[in-house]
Amino acid sequence: MARGTLRIYLGSAPGVGKTYAMLAEAHRRLERGTDVVVGLVEHHSRQRTEVMLHGLEVVPRKELEYRGTTFTEMDVDTVLARAPEVALVDELAHTNVPGSRNAKRWQDVEELLAAGVDVVSTVNIQHLESLGDVVESITGIRQRETVPDEVVRRADQIELVDMSPQALRRRMAHGNIYTPDKVDAALSNYFRPGNLTALRELALLWVADRVDEYLQQYRAEHRISSTWQARERIVVGLTGGPEGSTLIRRAARMAAKGSGSEILAVYVARSDGLTAGSPKELAVQRTLVEDLGGSFHHVMGDDIPTALLEFARGVNATQIVLGSSRRKAWQYVFGPGVGATVARESGDIDVHIVTHEEAAKGRGLPVARGARLGRARILLGWLVGCGGPALLTLLLTQLLPGLGLANDMLLVLTMTVAAALLGGMIPALASAAVGSLLLNYFFAPPLHRWTISDPHNIVAIAVFLAVAVSVASVVDLAARRTHQAARLRAEAEILSLLAGSVLRGESSLDALLERVRETFAMESVTLLERDEEFAPWTCAASVGNRPCARPDDADVEVPAGDRMALALTGRVLPAEDRRLLSAFAAQAAVILDRQRLLGEAERARELAEGNRIRTALLAAVSHDLRTPLAAIKAAVSSLRADDVSWSPQDEADLLEGIEDGADKLDHLVGNLLDMSRLQTGTVAPLMQDVDLDEVVPMALGGVPPDAVTLDIPETLPMIHADPGLLERVVANVVENAVKYSPAGRRVLIAASALHGRVEVRIADRGPGVPEAGKDRIFEPFQRYGDAPRGAGVGLGLAVARGFTEAMGGTLVADDTPGGGLTMVLTLRAAAPRTDVPAGAAGPATEVAS
């Protein structure tokens, strides 16, 4: 069953006339004979809106009781059982009463669309999810009822219902929106001129972006490449803190103002697997960014600013969105922070620092420490472990003499503990050795000698050394355990993300390899395979620079199956990373097998389609070809009969019947042969520059002389096409248009040039074709409506589209204004004519063929 279409009337504020426009559209469709019902419309006691409900079938609402009060909601089951062509469903962002079939009304609409019902709905701009923060900052009111932007963007048609703030306030003052007792409060609060102007701007910008998407789609379909516009890619840096949702929504609003903008949310975890982010917050933010049409990425790296910038440059990002630092003022003594570092080193990438409620309140996140320490930190551990006891000894001997050996030992022990925390086991042991020697020489009698006179001091120094070594061991062991636990946690997060992609049915091998490259910060990732054990390796898929040709050329190689391997270049990974990499390799092998199975299924579908076409061909031979043959046979037998004397008029009629039957046979056999050429892929167009006004008249030989009107400008550029194929395309399309055009109504053939393309529009005034059938009429052996069998085998338009695509053009069906069907043939224009002066404008030829 075909999915229904969704049309949305979008407004900037309540009262602009969305519901009225929706009801007016319902009456227009009802007058055209469309089966329309009112699933749910809220008229809010507005008389003019309520009057528009008259004459429309209204589906009774379903009553629900909640906390002692009875509410009404749309009865989805009744609407589905009624199965109308079109259903009106007001207020798309409405939250249903608890106990309803779905939590949101837009989910009810999705059910209707899935059942093949066309839906017309309404929504205000303030109810879009990504605009919640900005609407609250404008109006001071947080919208509790929202709809995901993607739901509205997927609508087949969005119509803006616009009204100036002054007109809307006048409508409010006249009592056409709210009751008189609420007018003054509304005008002085929500309906202030500034609020309405800002909301109107939001609506206009959002719809303008949607219009630009339609334009981009049109340009892609018609292969228009005369201009190029850079694509905005916005990277959102997440820390796992609560401010992430604010950053994502801010980036979504930035992306909504640019054509084809893309949002990439990235969370950078330490390369040793230690994370400081909240898994719960990250899960919520991943869901939010995916709902807003973006993607979530998990990247590992030693240095967060460097990893973030490398990711941004790797995806060709143009903007980076970061939150204001949560660090307090005194914490800046340890460094400038991630935001300042990224902004300083970003180069040509714009960096946006977004304020939020958590700014300057402290990180509030646990900072994990690992056993793998950077070079700078290990050097600091050695400095504290060796230089700290010496500096402390100088301080005690010069400024604080006489504290006692026990106190001196405790102070030196603190240096050993600090060395263990900073540099690990080895610096701590060195600190213990240096500290024991300094205690012996400077604090244990006799002073400034390496001997010890008191046996108790020998025991004390020995205990100090043992305690120092024990503390260093415990600290190092705790760091190792912390590292193991944190790394397993990071692996679990990445495996969870991988499992989620499997459950969502993601089947893009390049996307998986790109995720591997991002996760392990590699230069390239290649999936290699070979047919036999000693056969050469071939590349199944690769991402990044310098892909490997053999596993031996890779920095890291992981088997992905019996005859497959995942090869990575960029750096050597530690052994513990290979376990996680093996999971990615197994998933890559599964995706590759799935893609090949899908390819085999597609080939099986093509074979089944070929069998269907052959079956239809046999049916055509058995009937459509037999009919003209039978007519020719009967006419010839009649002329050869010896017992009948035919008058000259009768003989002429029989001969005309023979000629007509032969023409039909020639046309049918030609289409059948053309279809077989298309099915076997043997169409080889001979492309050359031709004049359209030379080819089109030749294609009109098979139609009545007064059935077509030509409108081809003399200044039209030449086109690059195969003249023979083009003649067949025009002939088939025009013949089809004449067949369905009413008597006395000519078919119009008009041509125009646009952005290096030539567009030919063949318009008839026939019954037209509904939107759902416009692609089906181009399928082989399809007749529109109840066309009789003698009308042909249904190959004309299929052959026309096949030949058009073979010449690099497009052939689509569109509605004729005022009724009918227009076939739009688009072909690439040739080089500009040299025989026509620039700027010359000749008159258009308009003749009857």
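Just so it is clear, the structure is predicted and the values come from calculations on it, not from any experiment.

The rules we used
- Residues numbered from 1 in each chain as written.
- Predicted model: local features only at pLDDT ≥ 70, side-chain atom pairs only at ≥ 80, totals over all residues.
- Heavy atoms only, no water.
- Helix = DSSP H or I, 4+ residues; strand = E, 2+ residues; numbered from the N terminus.
- Buried < 20%, exposed > 50% of the residue type's maximum accessible area, 1.4 Å probe, protein only.
- Contact = heavy atoms within 4.5 Å.
- Areas by Shrake-Rupley, 256 points an atom, 1.4 Å probe, with all protein chains shown as cover.
- Phe/Tyr/Trp six-rings, centres within 6.5 Å; stacked < 30°, edge-to-face > 60°.
- Lys NZ or Arg CZ within 6 Å of the ring centre and 35° of its normal.
- Pairing = 2+ DSSP bridges.
- Axes fitted to C-alpha atoms, helices over the stretch in contact; angles between N-to-C directions.
- pLDDT = per-residue confidence, 0-100.
- Left-handed = near helix turned anticlockwise from the far one by under 90°.
- Nonpolar A, V, L, I, M, F, W, Y, C, P; charged D, E, K, R; others polar.
- Parallel < 35°, antiparallel > 145°, perpendicular 65-115°, else oblique.
- Polar contact = N/O pair within 3.5 Å; in protein donor to acceptor, adjacent residues only side chain to side chain.
- Core = buried A, V, L, I, M, F, W, Y, C linked by side-chain atoms within 4.5 Å.
- Salt bridge = Lys/Arg side-chain N within 4 Å of Asp/Glu carboxyl O.
- Arc of directions from axis to C-beta.

Visitor: Mind showing me how you'd approach the overall build of the protein chain here?
Guide: Regarding its fold elements, the protein chain presents 24 helices and 25 strands. The buried share among the 849 residues of the protein chain stands at 44%. When contacts within the protein chain are restricted to residue pairs at least 6 apart in sequence, long-range pairs at least 24 apart make up 71% of them. As presented, the protein chain carries roughly 43300 Å² of accessible surface, and 56% of it is formed by carbon and sulfur atoms.

Visitor: Looking at this model, I keep getting lost on the packing of aromatic side chains. Mind explaining?
Guide: Describing an aromatic ring pair means giving the distance of the ring centres and the angle of the ring planes. Counted under the stated rule, the structure contains 1 aromatic pair. Of note, Arg286 hangs over the ring of Phe296, and the distance from its end group to the ring centre comes to 4.5 Å. Against the face of Phe778 rests Arg801, its NZ or CZ located 3.9 Å from the ring centre.

Visitor: I'm lost on the sheet that holds strand β15 (residues 538–544) in this one. Help?
Guide: Pairing between the strands of a sheet comes from backbone hydrogen bonds, and it takes one of two forms, parallel or antiparallel. The sheet built from 4 strands is open, its strands ordered β15-β14-β17-β16 with antiparallel pairing. One side of each edge strand has no neighbouring strand; the edge strands of this open sheet are β15 and β16 (556–559). If you compare each strand with its neighbour and ignore which way they point, the axes differ by 15° on average. Relative to strand β17 (residues 564–569), β16 is paired through 4 bridges, and the arrangement is antiparallel. Each bridged residue has a counterpart across the sheet, and for Val556 the counterpart in β17 is Leu568.

Visitor: Would you take a moment to explain the confidence of the model for the protein chain for this structure?
Guide: Detail in the predicted coordinates should be disregarded across regions flagged by low pLDDT. For the protein chain, the mean per-residue pLDDT works out to 78, and 79% of the residues sit at or above 70. Long-range and interchain partners of residues 225–230, a stretch whose pLDDT sits below 50, account for 6 contacts in this model, where long-range means more than four residues apart. Every residue in residues 786–791 scores below 50 in pLDDT, and together they form 8 contacts with partners more than four places removed in sequence or on other chains.

Visitor: Honestly, the packing of helix α23 (residues 723–740) against helix α24 (residues 796–806) in this entry has me stumped. Any pointers?
Guide: The N-to-C vectors of α23 and α24 enclose an angle of 150°; their axes lie 9 Å apart at closest approach. Of the two possible hands of crossing, α23 and α24 adopt the one that is left-handed. Two secondary-structure elements touch here, α23 through Leu725, Arg728, Val729, Asn732, Val733 and Asn736 and α24 through Gly796, Leu797, Val799, Ala800, Phe803 and Thr804. Its residues assigned to classes, the contact of α23 with α24 shows 7 nonpolar, 4 polar and 1 charged.

Visitor: What's the story with the sheet that holds strand β11 (residues 295–300) in this structure? I'm lost.
Guide: With parallel pairing, the 5 strands of this open sheet are ordered in space as β11-β10-β9-β12-β13. Only two strands of the sheet have a single partner each, and these edge strands are β11 and β13 (350–354). Each neighbouring strand pair of the sheet contributes to a mean axis angle of 25°, computed without reference to strand direction. Contacts between helix α10 (residues 244–256) and the sheet are confined to β9 (233–238), β10 (262–269), β12 (319–323) and β13, with β9 contributing the most and set at about 175° to the helix.

Visitor: What's the story with the packing of helix α22 (residues 692–699) against α23 in this structure? I'm lost.
Guide: For any two helices packed against each other, the geometry comes down to the angle between their axes and how far apart the axes lie. As a packed pair, α22 and α23 sit with axes 8 Å apart at the nearest point and diverge in direction by 55°. Here α23 runs oblique to α22, going by the angle between their axes. Viewed along their axes, α22 and α23 form a crossing whose handedness is right-handed. Here α22 contributes Leu692, Val695, Val696, Met698 and Ala699 to the contact with α23, which in turn contributes Pro723, Leu726, Glu727, Val730 and Ala731.

Visitor: I tried to follow the side chain of Asn102 on my own but got confused; where do I start?
Guide: With respect to the element layout, Asn102 can be found in the loop between β6 (86–89) and α4 (105–114). Using a relative accessible area of 17% as the deciding quantity, one classes Asn102 as buried. A polar contact is formed between the side chain of Asn102 and the side chain of Asp108, at a distance of 2.6 Å. In contact with Asn102, other than residues within four places in its own chain, are Asn96, Gln107, Asp108 and Glu111.

Visitor: Is there a simple way to explain the nonpolar core in this structure?
Guide: Soluble globular proteins tend to pack their nonpolar side chains together in the buried interior. Formed by 62 residues in total, the largest nonpolar core has its most connected members in Leu88, Leu92, Leu112 and Val147. No other element matches the 6 residues that helix α9 (residues 193–221) contributes to this core. Leaving out residues up to four positions away in the same chain, Leu88 has contacts with Met22, Leu23, Ala26, Val36, Val37, Val38, Gly39, Leu40, Val41, Leu56 and Val120. Grouped together as the second largest cluster of nonpolar side chains are 42 residues, Ile712, Ile719, Met807 and Met823 included.

Visitor: Please explain the pattern of salt bridges as it appears in this structure.
Guide: Should the charged atoms of two oppositely charged side chains come close, the side chains can pair. Per the counting criterion, the structure on display carries 25 salt bridges. Across the pair Arg7 and Glu159 runs a salt bridge, and its minimum N-O distance is 2.5 Å. Of the two residues, Arg7 sits in strand β1 (residues 6–11) while Glu159 sits in strand β8 (residues 157–161), which places them 152 residues apart along the sequence. Among the residues examined, Glu159 registers a relative accessible area of 30% and is labelled partly exposed. Ionic pairing is found between Glu73 and Arg105, a salt bridge with its closest N-O pair at 3.1 Å. Here Arg105 lies in helix α4 and Glu73 lies in strand β5 (residues 69–73), a separation of 32 residues in the sequence.

Visitor: Mind showing me how you'd approach unusual backbone geometry here?
Guide: It is generally the case that most residues other than glycine have a negative phi and that most peptide bonds are trans. The backbone phi angle of Ser45 is positive, close to 60°, even though this residue is not glycine. Secondary-structure assignment places Ser45 in the loop between β2 (36–40) and α2 (47–51). Even without a glycine there, the phi angle at Arg67 is positive, about 55°. Tracing the backbone through its elements, the reader meets Arg67 in the loop between β4 (62–66) and β5.

Visitor: What should I look at first to understand α24 in this one?
Guide: An α-helix turns once per 3.6 residues; consequently, residues spaced three or four apart project the same way. Within α24, 9 of the 11 residues are buried, which leaves the element mostly enclosed by the surrounding structure. Of the residues making up α24, those classed as buried are Gly796, Leu797, Ala798, Val799, Ala800, Arg801, Gly802, Phe803 and Thr804. Remark: Gly808 follows α24 within two positions and exhibits a positive phi of approximately 80°.

Visitor: How do you make sense of helix α7 (residues 165–173) when you look at a structure like this?
Guide: Those residues of α7 that sit buried are Pro165, Leu168 and Met172. Across the axial projection of α7, the buried residues extend over an arc of 65°, all falling on one side. Two residues or fewer past α7, Gly175 is found with a positive phi of approximately 80°.

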